[in-house]
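Below, each chain spelled out in residue letters.
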There are 4 protein chains.
Amino acid sequence: MLRLSRFLPSTSRRVTELHNALWSGSLTVQHALSTSAADENRSGRKFASYTVFKGKAALSMHPILPNFSKLDTGGSRVNKNGSVMLTFFPAVGQRKYDYSKKLLFALSPTEVGSLISLGPAESCEFFHDPSMKSSHEGQVKKSLSITPVGNDSGYFLNIAVLNNVQKTTERLSLPITKAEFAVIRTTLSFALPHILGWDQVLINHHDPPSPSARVERRSHPDMEWDR
Amino acid sequence: MLRLSRFLPSTSRRVTELHNALWSGSLTVQHALSTSAADENRSGRKFASYTVFKGKAALSMHPILPNFSKLDTGGSRVNKNGSVMLTFFPAVGQRKYDYSKKLLFALSPTEVGSLISLGPAESCEFFHDPSMKSSHEGQVKKSLSITPVGNDSGYFLNIAVLNNVQKTTERLSLPITKAEFAVIRTTLSFALPHILGWDQVLINHHDPPSPSARVERRSHPDMEWDR
Amino acid sequence: MLRLSRFLPSTSRRVTELHNALWSGSLTVQHALSTSAADENRSGRKFASYTVFKGKAALSMHPILPNFSKLDTGGSRVNKNGSVMLTFFPAVGQRKYDYSKKLLFALSPTEVGSLISLGPAESCEFFHDPSMKSSHEGQVKKSLSITPVGNDSGYFLNIAVLNNVQKTTERLSLPITKAEFAVIRTTLSFALPHILGWDQVLINHHDPPSPSARVERRSHPDMEWDR
Amino acid sequence: MLRLSRFLPSTSRRVTELHNALWSGSLTVQHALSTSAADENRSGRKFASYTVFKGKAALSMHPILPNFSKLDTGGSRVNKNGSVMLTFFPAVGQRKYDYSKKLLFALSPTEVGSLISLGPAESCEFFHDPSMKSSHEGQVKKSLSITPVGNDSGYFLNIAVLNNVQKTTERLSLPITKAEFAVIRTTLSFALPHILGWDQVLINHHDPPSPSARVERRSHPDMEWDR
């Protein structure tokens, strides 16, 4: 297995030769994960993605967990939803990609919902300002559009990042086949309850069951009663 | 992260300023969870929801686990199905919501089934009496209707709570986009086997496998035989 | 919560009064599970079902786990797939059901596949001989048919059990709404990988990851090579 | 339960009598798993498949886990995606199958996506060279085609293995009913996030939640900011 991170320490090697990795069908862009996931240095964390390589650009997707904060009662609750991070990076030659020129776009739960419910002839577009409501608001504007290729054959994904300070606009675009979109739709549908933290509420709950002697009669749905 | 509960101790602060929380896209209405989930004081519990904020009202959804009771044999079985709690609360100004005026509606498993199978042009309506078959029957009547906005663009959700004692009717209504409904459909489909307890039957079973020497020949499906 | 098993010891009480349990929306036919699941006496087991009550009959569904047998190598493999058990029992009065007259039908994985892929205007029928290939073959013949009600409004389920020894035929039939079928489709889709044992292959695998120094270069997909 | 491996030690017994096993509907081709899964000798591993037997051939499917490699930070990441292995083996008489003549085809994640999104009238075809980019490239060429039977009644699966060294071409073909394809689609959709390793990122993460006192205010989505 090719370890891409070996190619990345020096600038000249940033243009990564993915030739060998590409044909294997099992490529993981390892450095991509290590830079985009800010918390990799937490031991025990696991990383996985889904990556597609096309003529002009590549796209890698990986899920980001929600953040729980502790309650005084000993329980915990989501204080920040997770997301699905899209990482685009350009081709700079035949089967060569420059990961240092990556563009990031983090899909919120509702944007994930938009993507997984997209009909074959439908399109959608999302706009992000990573610094919204801070003093840097408006400095960087991002957009992601997903438009049908036609004939139920997949979609074009286009990302644009406008930097008003550096007066630059970077764009990357790549086609996604129907099969690749099925992988994206299935993995994002799987990820959605998890990035909202619902799995942690519904699974791994270790309350002992009530002893049958003390099963009380209750109307249903009892919690509605308080209103 | 804004902790809403800090704003709620005094009455004057009940009108919660959600302005800052709203734009972040990662809002969790924490007090909402702590009041609607009666059992929060059990240590170790986790809480998660999916919340959408609209012009006139907000809607938060969170799953409620089934209840298991112990059997004499040492096993346990579901004695009360879980549900998905919908919490509606009104806007009282631009991006300000009054959580103290919340209206609750707990979806049963079959109501969840109705919602996740709703076609783009279909509607459904549910009626609840939280005190049915008790001495308070008929005092409070609730209804929830889900009707299409049109053009496959989402649904209107309308809740009405009629209190025959206080002679009041409270109503809240908000639109849900197609993307938001996709999140609701996906998370509710995920939650459904869990609120019925099927995951606990199918997962985390630690019976040791039978030793191969004692694998007996059995007709299939053997348990049908007793009838 | 009403515990039905209290009503069942004597014959006269077999006609169970489900009136109170029915409206609660949280009914679990507990005795149903304890008799149909032959292995309830294994401590630690959990039981859950989905039950619908109609005018002439009720239907309860619960999943049955696959059976693993141990290998000499220390691993284990499925030697018998799980199933989804359908339990039909007749109404014998208004909201009264006689569980002692239950009829059982265990859906195989492929029958589950047939059910979850059923179009709104399609029907299917399954035939079982619980004693097939034994000396009792042909003594009991069972059939289950699922036919559309029409207008995408749900299905009729009909079970017939022909006993050639006792010269009896028992039949039960009930309608399932579209919402109830959505619950069945969703829970059966959830159960399917589990009754085949795929979750146990794909989850809870605790192999330590290979140390990165020893990650060898391998062609993909390597296991195809041996043929 | 019939254990097929008992029939396999001597060549003459390789033609396995599956008659008894077939009708039971609970057959697991145990030897199939033990030979195709090269790593069975790792203790603790579990094996499960989904197998269909037809007039001229049988098909068994089982999932293969991704491979994680350890990071210096203590975490780990996928260095090789998992797959779903298809094993075809020919019938050599009525209900007799010769497992020694098996043909293997490992579906990549994107090929799984192609299969699960296949419309009722659509077809797809995959080509593999198990030795691509090695010195043996081109010696063996494999193809798998999936074509509709017509009338939304299922698909034909055709595998061909061309060996340029031995100058042989082996072909196997079998029909899959709509119900069987629903099982395949459901189990492959379940397996897909797992063969990409997403479940291990999203589940079983045991980070303690941040203490609420230290929940910092962060813009969303913060990780986009670094680009």
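None of the values given here were measured: they were computed from a predicted structure.

**Remarks on the overall build of chain A**
Secondary structure summary: chain A contains 5 helices and 13 strands in total. For chain A, with 227 residues in total, the buried portion stands at 58%. Considering only intrachain contacts with a sequence separation of at least 6, the fraction spanning at least 24 residues in chain A is 48%. Roughly 9,300 Å² of accessible area belongs to chain A as shown, and the carbon and sulfur atoms make up 50% of that amount.

**What about the pairing of strand E5 (residues 67-70) of chain C?**
Residues and elements named next belong to chain C. The sheet contact formed by E5 and strand E6 (residues 76-80) spans 4 bridges and is antiparallel. Its bridge partner being in E6, Lys70 is matched across the sheet by Ser76. Here E5 folds back onto E6 in antiparallel fashion, the turn holding 5 residues, of which Gly74 has a positive phi close to 105°.

**Let's talk about the sheet that holds strand E10 (residues 124-128) of chain C**
All names here are of chain C. Spatially, 4 strands are ordered E10-E11-E12-E13 in an open sheet, and the strand pairing comes out antiparallel. What marks the edges here is a single partner per strand, and that holds for E10 and strand E13 (168-177). Here the average twist between neighbouring strands, direction ignored, is 10°. Note: strand E12 (residues 154-163) against E13, 10 bridges, orientation antiparallel. Along E13, the bridge assignment pairs Asn163 with Thr168.

**Some words on the pattern of salt bridges**
The full count for this structure, using the stated rule, is 16 salt bridges over all chains. Here A:Asp98 and A:Lys101 are joined by a salt bridge, their closest N and O atoms 3.8 Å apart. With relative accessibility at 43%, the residue A:Lys101 sits in the partly exposed group. Within the structure, one salt-bridge network assembled from shared partners comprises A:Glu122, B:Asp152 and B:Lys178.

**Points about the packing of helix H3 (residues 109-116) of chain A against helix H4 (residues 178-195) of chain B**
In the contact formed by H3(A) and H4(B), the axes pass within 7 Å of each other and the chain directions differ by 95°. With respect to H4(B), the element H3(A) is oriented roughly perpendicular. Contacts from A:Pro109, A:Thr110, A:Gly113, A:Ser114 and A:Ile116 of H3(A) reach H4(B) at B:Ala179, B:Glu180, B:Ala182, B:Val183 and B:Thr186. Residue composition of the contact of H3(A) with H4(B), grouped by class: 5 nonpolar, 4 polar and 1 charged.

**Regarding the sheet that holds E6(C)**
Reading across from one edge, E5(C)-E6(C)-E2(D) is the order of the 3 strands in this open sheet, with mixed pairing throughout. Of all the strands in the sheet, just E5 of chain C together with strand E2 (46-47) of chain D have a single pairing partner and so form its edges.

**Here's the deal with the side chain of D:Ser60**
All names here are of chain D. Summarising the element assignment, Ser60 is placed in strand E4 (residues 57-64). A relative accessible area of 3% means that Ser60 is categorised as buried. The contacts of Ser60, once residues within four sequence positions are left out, are Ser49, Tyr50, Thr51, Met85, Leu86, Thr87 and Phe89.

**Overview of the packing of aromatic side chains**
For any pair of aromatic rings, the description rests on two quantities: the centre-to-centre distance and the angle between the ring planes. Under the defined criterion, the tally for this structure stands at 20 aromatic pairs over all chains. Judged by centre distance (4.4 Å) and plane angle (45°), the ring pair of B:Tyr155 and B:Phe181 falls under tilted. With a gap of 26 residues between them, B:Tyr155 in strand E12 (residues 154-163) and B:Phe181 in helix H4 connect regions that are remote in the sequence. Like B:Phe181, B:Tyr155 is buried. For the ring pair D:Phe89 and D:Tyr99, a centre distance of 4.9 Å and an interplane angle of 75° mean the geometry is edge-to-face. Residue D:Phe89 is found in strand E7 (residues 83-93), and its partner D:Tyr99 is found in the loop between strand E8 (96-98) and strand E9 (103-107); the two are separated by 10 residues along the sequence. With relative accessibility at 2%, the residue D:Phe89 sits in the buried group.

**Describing helix H3 (residues 109-116) of chain B**
Helical geometry note: an α-helix holds 3.6 residues per turn, so side chains three or four residues apart project in the same direction. Most of H3(B) sits inside the fold, with 7 of its 8 residues counted as buried. When H3(B) is considered as a whole, its buried residues turn out to be B:Pro109, B:Glu111, B:Val112, B:Gly113, B:Ser114, B:Leu115 and B:Ile116.

**Here's the deal with the packing of helix H4 (residues 178-195) of chain A against H4(B)**
Helix-helix packing is described using two parameters, namely the angle between the two axes and the distance between the axes. Running from amino to carboxyl end, H4(A) crosses H4(B) at an angle of 80°, the nearest separation of the two axes being 9 Å. The angle between H4(A) and H4(B) falls in the class roughly perpendicular. For the pair H4(A) and H4(B), the contacting residues are A:Ser189, A:Leu192, A:Pro193 and A:His194 in the first and B:Val183, B:Thr186, B:Thr187 and B:Phe190 in the second.

**Considering the environment of C:Gly93**
Relative to the elements of secondary structure, C:Gly93 occurs in strand E7 (residues 83-93). Once the C-alpha coordinates of C:Gly93 and C:Gly55 are considered, the two residues, 38 residues apart in sequence, prove to be 8.6 Å apart.

**Let's talk about the environment of A:Asn158**
Residue and element names in this part refer to chain A. With respect to the secondary-structure elements, Asn158 resides in strand E12 (residues 154-163). A relative accessible area of 25% places Asn158 in the partly exposed class. Through-space distance from the C-alpha of Asn158 to that of Ser145 is 5.2 Å; in sequence the pair is 13 residues apart. A distance of 2.8 Å separates polar atoms of two side chains, one belonging to Asn158 and the other to Ser173.

**Some thoughts on the environment of D:Leu115**
Residues and elements named next belong to chain D. Assignment of secondary structure puts Leu115 in helix H3 (residues 109-116). Accessibility expressed as a relative area gives 3% for Leu115, which makes it buried. The spacing of Leu115 and Ile146 is 31 residues in sequence and 8.4 Å in space, taken between C-alpha atoms. What Leu115 contacts, discounting residues up to four positions off in sequence, is Leu107, Ile146, Phe181, Ile184 and Leu188.

**Brief notes about unusual backbone geometry**
Residues and elements named next belong to chain A. Residues other than glycine seldom take positive phi values, yet Arg95 does so here, at roughly 60°. By the element assignment, Arg95 lies in the loop between strand E7 (83-93) and strand E8 (96-98). Look at Arg95 and you get partly exposed, because its relative accessible area is 39%.

**Let's talk about the confidence of the model for chain A**
All names here are of chain A. Looking at chain A, the pLDDT average stands at 78 and 70% of residues meet or exceed 70. Taken as a whole, residues 1-41 scores under 50 in pLDDT and shows 101 contacts with residues more than four places along the chain or in a different chain. Considering only residues more than four positions removed or in separate chains, one finds that residues 207-222, a stretch of pLDDT under 50, has 35 contacts.

**Considerations on the side chain of A:Thr186**
Among the structural elements, A:Thr186 can be located in helix H4. Looking at A:Thr186, its side chain comes within polar contact range of the main-chain oxygen of A:Ala182, at 2.7 Å. Other than its neighbours up to four places away in sequence, A:Thr186 contacts D:Ile116, D:Ser189, D:Leu192 and D:Pro193.

Quick notes on the rules
Residues numbered from 1 in each chain as written. Chains lettered and ligands numbered in written order. Predicted model: local features only at pLDDT ≥ 70, side-chain atom pairs only at ≥ 80, totals over all residues. Heavy atoms only, no water. Helix = DSSP H or I, 4+ residues; strand = E, 2+ residues; numbered from the N terminus. Buried < 20%, exposed > 50% of the residue type's maximum accessible area, 1.4 Å probe, protein only. Contact = heavy atoms within 4.5 Å. Areas by Shrake-Rupley, 256 points an atom, 1.4 Å probe, with all protein chains shown as cover. Pairing = 2+ DSSP bridges. Axes fitted to C-alpha atoms, helices over the stretch in contact; angles between N-to-C directions. Salt bridge = Lys/Arg side-chain N within 4 Å of Asp/Glu carboxyl O. Parallel < 35°, antiparallel > 145°, perpendicular 65-115°, else oblique. Nonpolar A, V, L, I, M, F, W, Y, C, P; charged D, E, K, R; others polar. Phe/Tyr/Trp six-rings, centres within 6.5 Å; stacked < 30°, edge-to-face > 60°. Polar contact = N/O pair within 3.5 Å; in protein donor to acceptor, adjacent residues only side chain to side chain. pLDDT = per-residue confidence, 0-100.

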